[in-house]
Amino acid sequence: MRTIYNRQVLTLISMIMFTAILVLVSALAISGTVLCQSRQAGKEQWEYEKALEQEYVEAVREYLEGQGYKNSGVTMDRVTEGGRSVEYIVTIHHRKISALESAERTELALECGKIAFPVEGCSLRHTFLETSF
């Protein structure tokens, strides 16, 4: 009688352990899938924003060319603080722009700031690269 009871207890314990292992494996598989999808979505968002940044840089170059500053150097840097706030710094370089008075450069920066930037919820600042040559 005691042997049957021991066998039943061992069978019950084995079933409980097997079920627990299955639940654990399932939970890990689900969390891995969610994490992978989250990373993919983050990567797609980053690539989308990168494409928008490139379009904006091209729009600034076209605007400057229309103003007589052909072949202007335009770069855009993204600064993220705390994972939330994003600031874009657009740096512009052209010899003619370097020769402008400060008020004229400020006016040009304001005009460049009027070009629509498609990324929402961020700040955008235009600066001019100062060179000494």
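Residues numbered from 1 in each chain as written. Predicted model: local features only at pLDDT ≥ 70, side-chain atom pairs only at ≥ 80, totals over all residues. Heavy atoms only, no water.

All right, on to the confidence of the model for the protein then. Detailed reading of the predicted model is not advised wherever pLDDT is low. Of all residues in the protein, 92% attain a pLDDT of 70 or more, and the chain-wide mean is 84. Mean pLDDT across the elements of the protein bottoms out in helix α1 (residues 2-66) (83) and peaks in helix α3 (residues 102-113) (89). (pLDDT = per-residue confidence, 0-100. Helix = DSSP H or I, 4+ residues; strand = E, 2+ residues; numbered from the N terminus.)

A word on the pattern of salt bridges. Inspection of the entire model under this criterion finds six salt bridges. Between E53 and K50 there is a salt bridge, with its nearest N and O atoms 3.5 Å apart. Here the residue E53 and the residue K50 both occupy positions in helix α1, the gap between them amounting to three residues, near one helical turn. The partly exposed category is assigned to K50, whose relative accessible area is 33%. (Salt bridge = Lys/Arg side-chain N within 4 Å of Asp/Glu carboxyl O. Buried < 20%, exposed > 50% of the residue type's maximum accessible area, 1.4 Å probe, protein only.)

Bringing the packing of aromatic side chains into the picture now. For the structure shown, the criterion picks out two aromatic pairs. Ring geometry for Y56 against F117: centres 4.9 Å apart, planes inclined by 75°, an arrangement best described as edge-to-face. One end of the pair, Y56, is in helix α1; the other, F117, is in the loop between α3 and β3 (122-128), with 61 residues separating them in the sequence. For F117, a relative accessible area of 16% gives the class buried. Taking the centre distance of 4.9 Å and the plane angle of 70° together, the rings of Y88 and F117 count as edge-to-face. Note that Y88 is positioned in strand β2 (residues 85-93) and F117 in the loop between α3 and β3, a separation of 29 residues in sequence. Comparing Y88 with F117, the two get one shared label, buried. (Phe/Tyr/Trp six-rings, centres within 6.5 Å; stacked < 30°, edge-to-face > 60°.)

Let us look at the environment of H94. Within the secondary structure layout, H94 lies in the loop between β2 and α2 (95-98). A relative accessible area of 13% means that H94 is categorised as buried. Taking the C-alpha atoms as reference, H94 lies 6.4 Å from G73; in sequence the two are 21 residues apart. If we ignore the near neighbours within four places in the chain, the residues touching H94 are Y69, K70, N71 and S72. Of the polar contacts made by the side chain of H94, one reaches the backbone oxygen of K70; its length is 2.9 Å. (Contact = heavy atoms within 4.5 Å. Polar contact = N/O pair within 3.5 Å; in protein donor to acceptor, adjacent residues only side chain to side chain.)

Let us now look at the sheet that holds β2. Strand order across the open sheet formed by three strands is β1-β2-β3, with mixed pairing between neighbours. Since the sheet does not close on itself, it has two edges, and those belong to β1 (73-81) and β3, each with one partner. Neighbour-to-neighbour, the strand axes of the sheet open up by a mean angle of 20°, direction not taken into account. For β1 and β2, the ladder comprises nine bridges, and the chain directions are antiparallel. (Pairing = 2+ DSSP bridges. Axes fitted to C-alpha atoms, helices over the stretch in contact; angles between N-to-C directions.)

Here we come to unusual backbone geometry. Phi is positive for N71, which is not a glycine, with a value near 60°. A relative accessible area of 69% places N71 in the exposed class.

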